[in-house]
Amino acid sequence: MPELPEVETVRRGLEAPLTGRRLVRVEQRRADLRWPFPPDFATRLAGRRIDAIDRRSKYLLFRLDDGAVWMVHLGMSGRLFLKHGAPPPGPHDHVVVETDAGSTLIFQDHRRFGMMDLVPEAELATHRLLAGLGPEPLGNEFNAESLSARLAGRRAPIKAALLDQRTVAGLGNIYVSEALYSAGISPLRLARSVVGRRAERLVPAIREVLQAAIAAGGSSLRDHRRTDGSLGDFQHNFRVYDREGERCPTRGCNGTIRRIVQNGRSTLYCPVCQK
DNA sequence: AACAAGACCTGCATGC
DNA sequence: TGCATGCAGGTCTTGT
């Protein structure tokens, strides 16, 4: 489900209500998600205060007052809800956290591809899931030069290379299709050939689609919700994703949006104006 | 080393 | 109605 814009939407939804709040009760309702929880997870988290909520790629990073970081990945179907009081947990509510503000943070994930960990701050940068990540696409280290360098020599299609989190961190299946469309680059083009003007177009295309999606609260196709349960809006702004068979929205292009499968995942694109 | 396929899960839409 | 099939926003692991 969640790509960078959806995770950032969740982060923003939690930041004001949870920063400075203490976690007074932690209920871990099963032993594992994608992987087992770390040892003594609930005990270690209980009583801690949240000092800040950050994001790296699709990971949420809750900075705690004991110097640890609570890492959360939403996987495909994970949600974080903030509710008033202490409602009874529903199906797939795997972690329930009550705060000293009388609110409850609920982690719900029916597919259980999500994960959580507790990591000392000093070990965060070398964490096995974070160490290999490429630059943040909205940060200064992501530019045409650095992107070209990471694509150099790669024979995989650009679609697959952009889904690879070592190339750039945070893109997923929706926003790769949208960014390639916006940049006029075919998803089938070999990654190593995205240099020069194409790389110069692709970087702002990625930035702009992500920023627009964040501004819209992310995309809700099936699973994504904001922390108050409301839907994101960016799915209404898709130009190719989920639009197979529709007319290409580029002015003057008579192409039809096509769906192909690359590495087992749908790619949507316009065969006429993406080269 | 790079790349593609398989695996992990549940729920939903579709078609017979 | 019931059942099989395919598909879904991720990414680690395995095999070529």
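Residue numbers restart at each chain and count upward from 1, following the sequence in its written direction. Chain labels run from A onward and ligand labels from 1 onward, assigned in the order the entries are written. This being a predicted model, a pLDDT of at least 70 is required before a residue's local features are given, and a value of 80 or more before pairs of side-chain atoms are given or counted; all residues contribute to the totals for chains, interfaces and linings. With hydrogens and water stripped out, all remaining heavy atoms of the structure feed into the side-chain values.

## Quick look at the pattern of salt bridges
Operational definition: Any carboxyl oxygen of Asp or Glu that lies within 4 Å of a side-chain nitrogen of Lys or Arg is treated as forming a salt bridge with it. Burial classes: relative accessible area under 20% of the type maximum marks a residue as buried, over 50% as exposed, and values in between as partly exposed (1.4 Å probe, protein chains only).
On inspection of all chains with the given rule, the structure shows 21 salt bridges. Note that Asp54 is salt-bridged to Arg63, the shortest N-O span being 2.7 Å. Residue Asp54 is classed as partly exposed on the basis of its relative accessible area of 28%. Linked through salt bridges whose partners overlap, the residues forming this network are Glu8, Arg11, Arg12, Glu15, Arg55, Arg56 and Glu136.

## Topic: unusual backbone geometry
To keep it simple, the criterion reads: Segments assigned H or I by DSSP are reported as helices when at least four residues long, segments assigned E as strands when at least two residues long, and all are numbered from the N terminus.
The phi torsion at Ser57 lies on the positive side, around 55°, for a residue other than glycine. Among the secondary structure elements, Ser57 is positioned in the loop between β2 (50-56) and β3 (59-64). For Ser57, a relative accessible area of 2% puts it in the buried group. In this model, Asp242 sits at a positive phi of 65°, which is unusual for a non-glycine residue. By secondary structure assignment, the location of Asp242 is in the loop between α6 (196-215) and β9 (258-262). Among the residues examined, Asp242 registers a relative accessible area of 55% and is labelled exposed.

## Description of the pairing of β2
Condition: Strands pair, by our definition, only if DSSP identifies at least two bridges between them.
Two strands pair when backbone bridges link them, and β2 and β3 are joined in this way by 6 bridges, in the antiparallel orientation. Among the inter-strand pairings, Ile53 is bridged to a residue of β3, identified as Phe62.

## Looking at the side chain of Gln262
Spelled out, the test is: Contact definition: two residues touch when any of their heavy atoms are within 4.5 Å.
If you trace the backbone, Gln262 turns up in strand β9. Residue Gln262 is classed as buried on the basis of its relative accessible area of 9%. When near neighbours in sequence (up to four residues on either side) are disregarded, Gln262 contacts Pro157, Lys159, Pro187, Leu188 and Thr267.

## Examining the packing of helix α1 (residues 4-18) against α6
Note the following rule: Fitting a line to C-alpha atoms yields each axis, with helices limited to the stretch in contact; the angle taken between N-to-C directions then spans 0 to 180 degrees. Note that the term roughly parallel is reserved for angles under 35 degrees, roughly antiparallel for angles over 145, roughly perpendicular for angles of 65 to 115, and oblique for everything else. Helix crossings fall into two classes, left-handed where the near helix is turned counterclockwise from the far one by less than a right angle and right-handed where it is turned clockwise.
Between α1 and α6, whose axes approach to 9 Å, the crossing angle comes to 40°. Taken together, the axes of α1 and α6 are oblique relative to one another. Between α1 and α6 lies a crossing of right-handed hand. Here Leu4, Pro5, Glu8, Thr9 and Arg12 of α1 come into contact with α6, specifically with Leu210, Ala213 and Ile214.

## A word on the protein's contact with DNA strand B
Defined as follows: Any residue with at least one heavy atom within 4 Å of a molecule or strand is counted as near it. Within 3.5 Å is the distance limit for a polar contact, defined as a pair of N or O atoms, with the added protein rule that one can donate a hydrogen and the other accept it, and that residues adjacent in sequence qualify only through two side-chain atoms. Any residue that is not Ala, Val, Leu, Ile, Met, Phe, Trp, Tyr, Cys, Pro, Asp, Glu, Lys or Arg is counted as polar, Gly included; the first ten are nonpolar and the last four charged.
With respect to spatial proximity, the complete set of residues near DNA strand B consists of His92, His110, Arg111, Arg112, Phe113, Arg154, Arg155, Ala156, Pro157, Arg222 and Asn263. Here Arg111 contributes a side-chain N or O atom positioned 2.9 Å from a base oxygen of DNA strand B. Residue composition of the surface near DNA strand B, by class: 3 nonpolar, 3 polar and 5 charged.

## Notes on the pairing of strand β10 (residues 265-269)
In terms of residue burial, β10 counts as a mostly covered element, since 4 of its 5 residues are buried. In this structure, β9 lies alongside β10, joined through 5 bridges in antiparallel fashion. Its bridge partner being in β10, Val261 is matched across the sheet by Ser266. Counted along the chain from β9 to the antiparallel partner β10, the turn is 2 residues long, and its residue Asn263 has a positive phi close to 50°.

## Structural notes on the sheet that holds strand β8 (residues 115-120)
Ordered in space as β2-β3-β4-β8, the 4 strands form an open sheet in which the pairing is antiparallel. Every interior strand has two partners, whereas the edge strands, β2 and β8, have only one. Neighbour to neighbour, the strand axes of the sheet diverge by 20° on average, direction disregarded. Sheet contacts for α1: β2 and β3; angle to β2, the most-contacted strand, approximately 170°.

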